[in-house]
Amino acid sequence: MAPAGQCWGMRGRRMLLLHVLIIFPSILLALKISPLIEKISEHKDFKKLLRTRNNVLVLYSKSAQAAERQLKLLSDVAQDVRGRATVAWIDCGDSESRKLCKKMKVDPAAKTGGTELLHYKDGTFHTEYNRAATYKSMVAFLKDPEGAPLWEENPEAKDIVHIDSEKDFRKLLKKEDRPMLMMFYAPWCGVCKRLMPAYQQAATELKGTYVLAGMNVFPPEFDRLKEEYNVKGYPTVLYFEKGKYKFNFEKYGATAKDITDWLKNPQAPAPEQPEVPWSEQESAVHHLTDADFDQFVQDHPSVLVMFYAPWCGHCKKMKPDYEKAAEVLSEESASGVLAAVDATVHRSLAERFHVSGFPTMKYFADGEEKYTVPHLRTEQKIVEFMHNPEAPPAPEPQWEDKPSSVLHLLGDDFRESLKKKKHALVMFYAPWCPHCKNAVPDFTTAAEEFKEDRKIAYAAVDCTKEKNQDLCKQEGVEGFPTFSYYNYGKFTEKYNGERSESAFISFIRSLREMDHVKLGKKKEEL
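Here is what the cut-offs are and how they apply
Residues numbered from 1 in each chain as written. Predicted model: local features only at pLDDT ≥ 70, side-chain atom pairs only at ≥ 80, totals over all residues. Heavy atoms only, no water. Pairing = 2+ DSSP bridges. Helix = DSSP H or I, 4+ residues; strand = E, 2+ residues; numbered from the N terminus. Contact = heavy atoms within 4.5 Å. Axes fitted to C-alpha atoms, helices over the stretch in contact; angles between N-to-C directions. Phe/Tyr/Trp six-rings, centres within 6.5 Å; stacked < 30°, edge-to-face > 60°. Lys NZ or Arg CZ within 6 Å of the ring centre and 35° of its normal. Patch = residues over 30% accessible without salt bridge, like charges linked within 9 Å, V, L, I, M, F, W, Y side chains within 5 Å. Areas by Shrake-Rupley, 256 points an atom, 1.4 Å probe, with all protein chains shown as cover. Salt bridge = Lys/Arg side-chain N within 4 Å of Asp/Glu carboxyl O. Lys, Arg positive; Asp, Glu negative; His and termini not counted. Charge placed at Lys NZ, Arg CZ, Asp CG, Glu CD. Buried < 20%, exposed > 50% of the residue type's maximum accessible area, 1.4 Å probe, protein only. Disulfide = S-S within 2.5 Å. Right-handed = clockwise from strand over helix to strand, strands pointing away. Expected span 1.5 Å × (residues − 1). Bend = angle between axes of the 7 residues up to and from the residue.

Engineer: Would you explain the sheet that holds strand β11 (residues 286-287) in this entry?
Structural biologist: To summarise the sheet geometry, strands pair through backbone hydrogen bonds and adopt either a parallel or an antiparallel arrangement. With mixed pairing, the five strands of this open sheet are ordered in space as β11-β13-β12-β14-β15. Of all strands in the sheet, those bounded by a partner on one side alone are β11 and β15 (368-372). Bridge count for strand β14 (residues 360-365) against β15 is four bridges, and the pairing is antiparallel. Along β15, the bridge assignment pairs K362 with T372. In the packing of helix α13 (residues 379-387) onto the sheet, the strands contacted are β12 (302-308), β13 (337-342), β14 and β15, and the crossing angle to β12 comes to about 145 degrees.

Engineer: What am I meant to see in the packing of aromatic side chains here?
Structural biologist: Here the distance between the centres and the angle between the planes together describe a pair of aromatic rings. Counting across every chain of the model gives 44 aromatic pairs. Taking the centre distance of 5.9 Å and the plane angle of 85 degrees together, the rings of W432 and F480 count as edge-to-face. One end of the pair, W432, is in the loop between β17 (423-429) and α15 (434-449); the other, F480, is in the loop between α16 (466-474) and β19 (482-487), and 48 residues separate them in sequence. One aromatic cluster is present, built from ring pairs that chain together W399, Y429, F443, F450, Y458, F483, Y485, Y495, F504 and F507. When the ring centre of W89 is taken as origin, the NZ or CZ atom of K39, which lies over that ring, is 4.7 Å away.

Engineer: Honestly, a positive patch on the surface in this entry has me stumped. Any pointers?
Structural biologist: A cluster of basic residues, K47, K48, R51 and K103, forms a positive patch on the protein surface. By residue number, the principal contributor to the positive patch is helix α2 (residues 43-52), which donates three residues. Among the structural elements, K48 can be located in helix α2. Judged by its relative accessible area of 48%, K48 falls in the partly exposed class.

Engineer: Is there a simple way to think about the state of the cysteines in this case?
Structural biologist: Note on terminology: disulfide describes a covalent bond linking the sulfur atoms of two cysteines. One pass over the structure, following the stated rule, counts four disulfides. Here C189 is linked by a disulfide to C192, with a sulfur-sulfur distance of 2.4 Å. Around the S-S axis, the bridge from C189 to C192 shows a dihedral of about 90 degrees and counts as right-handed. Note on C192: relative accessible area 0%, which makes it buried. With a sulfur-sulfur separation of 2.1 Å, C463 is cross-linked through a disulfide to C472. Because the sign of the S-S torsion sets the handedness, a value of about -90 degrees for the bond joining C463 and C472 places this disulfide among the left-handed ones. Once the disulfide-bonded cysteines of the chain are ranked by sequence position, their pairing pattern turns out to be 1-2, 3-4, 5-6, 7-8.

Engineer: Even after reading the chapter, I still don't get the pairing of β12, so can you show me in this structure?
Structural biologist: Regular strands place side chains that alternate from one sheet face to the opposite one. Summarising burial for β12: seven of the seven residues are buried, a large majority. In this structure, β12 lies alongside β14, joined through six bridges in antiparallel fashion. The residue bridging L304 from the neighbouring strand is Y363, located in β14. Pairing of β12 with β13, which is carried by six bridges, proceeds in the parallel orientation. Bridge pairing links V305 to A339 in β13. Crossover β12 to β13 through helix α11 (residues 313-330) is right-handed.

Engineer: Whenever I open this one, α11 confuses me. Can you help?
Structural biologist: Given 3.6 residues per turn, any residue in an α-helix points the same way as the ones three and four places further on. In a regular helix each residue adds 1.5 Å, so 18 residues correspond to 26 Å; α11 covers 26 Å between its end C-alpha atoms and thus fits that length. Considering bend angle alone, the principal kink of α11 is centred on K319 and spans about 40 degrees; proline P320 follows within four residues of it. Turning to α11, its buried residues are C315, M318, K319, Y322, E323, A325, A326 and L329. Looking at the buried side of α11, the elements it contacts are β12, β13, β14 and α13.

In structure tokens:
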């Protein structure tokens with residue numbers, strides 16, 4: 001028989017071992033959770049979280065063990081969405097958190113798996129997360145909580161081969177012998193969305209014989225791939241045989257039958273008929289050149305000139321009205337004439353009259369330039385102006401000319417200016433873009449919030465300026481507005497959150513709070 005002290009020693013060790021075995025899973029669990037996941041147990045802390053963060057995904061669990069699998073996934077998600085969204089965890093099985101779950105009327109024990117994911121937006125409940133429980137889907141949701149689900153989440157698209165990376169794309173080409181269509185698309189593209197139902201129906205009908213694949217190539221990491229396959233817009237649908245590119249499929253309004261019929265007898269698209277230059281078309285508009293411009297405006301006392309570029313969409317849209325107005329005025333000999341200059345050909349004229357965008361409308365009287373008239377776009381307004389040429393209303397000051405805390409940058413000082421800023425949110429824009437105009441007031445007001453912090457900047461780049469065009473292309477700007485986050489001048493990620501004052505502020509504020517957390521941890525370590 002062992003001495004009493006020895007028995008108590010053995011019993012104590014067994015109790016200690018049992019205690020370790022009970023808490024060990026929790027210790028392991030804690031080690032696997034990202035510090036970016038906020039563990040909440042009290043109602044006041046939860047209210048503060050919702051008050052200070054505008055995009056929060058909360059995992060409620062009946063126990064720590066029930067949450068383990070999802071917490072591993074959410075740790076990776078939290079890393080990818082840091083600065084634009086917050087992931088939190090509430091363990092309803094914990095004695096401290098039970099009251100909070102009851103107050104929020106959440107019972108994860110009633111759910112399959114003992115967990116529930118709820119999303120909160122701008123301080124209030126937004127929706128239950130009911131999309132695919134995958135890393136890719138969760139990241140896409142948190143980057144755009146009101147956006148459409150990923151294409152691969154659609155059950156009707158189950159027969160589409162969804163590709164996520166250039167590496168996977170190359171691998172598919174190498175191994176696939178069957179004829180294949182590859183749709184390069186962008187998630188926001190309306191034409192892509194209209195084509196997708198027919199495309200996925202065709203994929204189901206042709207399953208096993210042909211391959212129909214899809215790939216979101218909008219992110220800047222696919223720029224090299226887009227250049228290789230000459231992707232100028234979305235969707236771009238490529239046809240491959242035995243992994244080799246042949247030509248494009250260009251029926252963007254196609255039905256499923258159109259696609260299946262075409263694949264059975266694929267043909268290269270017919271070459272486009274070259275467009276007849278405007279200057280060679282019959283018209284009442286006088287087309288001027290470097291050689292005859294000065295003489296023409298001297299011979300005609302009242303001339304309105306459109307400086308245009310053949311590729312300019314706004315010019316093409318305005319052209320019919322301009323021609324109709326020219327016909328009306330040609331019947332009124334005393335009302336002046338309309339002329340046009342292709343500024344891409346006659347560049348010296350464009351430079352001489354400081355033409356920086358298209359179309360640019362300038363009025364000449366008695367051989368001298370009088371006004372730039374940007375408000376003339378319709379037949380009626382053009383004719384009315386030529387009947388009574390008057391100075392146009394004073395233009396509204398440009399954004400960069402208005403006093404604000406937004407830094408307006410040019411290509412040559414872009415990088416140097418941002419190197420001094422720890423956190424910089426940059427808006428790449430075009431002055432004519434309606435979505436940009438809508439975002440400007442909120443972006444400007446958000447900049448005021450941090451104007452005293454020299455390490456934070458809200459900056460803007462006008463991509464229509466000549467000095468900025470190469471920069472915007474280099475920074476992966478493919479549409480307006482584009483928002484990008486930079487850390488000490490280094491591009492970190494695209495901002496795809498809401499374009500509201502509170503969202504712009506919350507994005508930077510969350511980054512700053514993360515800085516404080518990291519600083520606190522460093523101090524603790526010291």
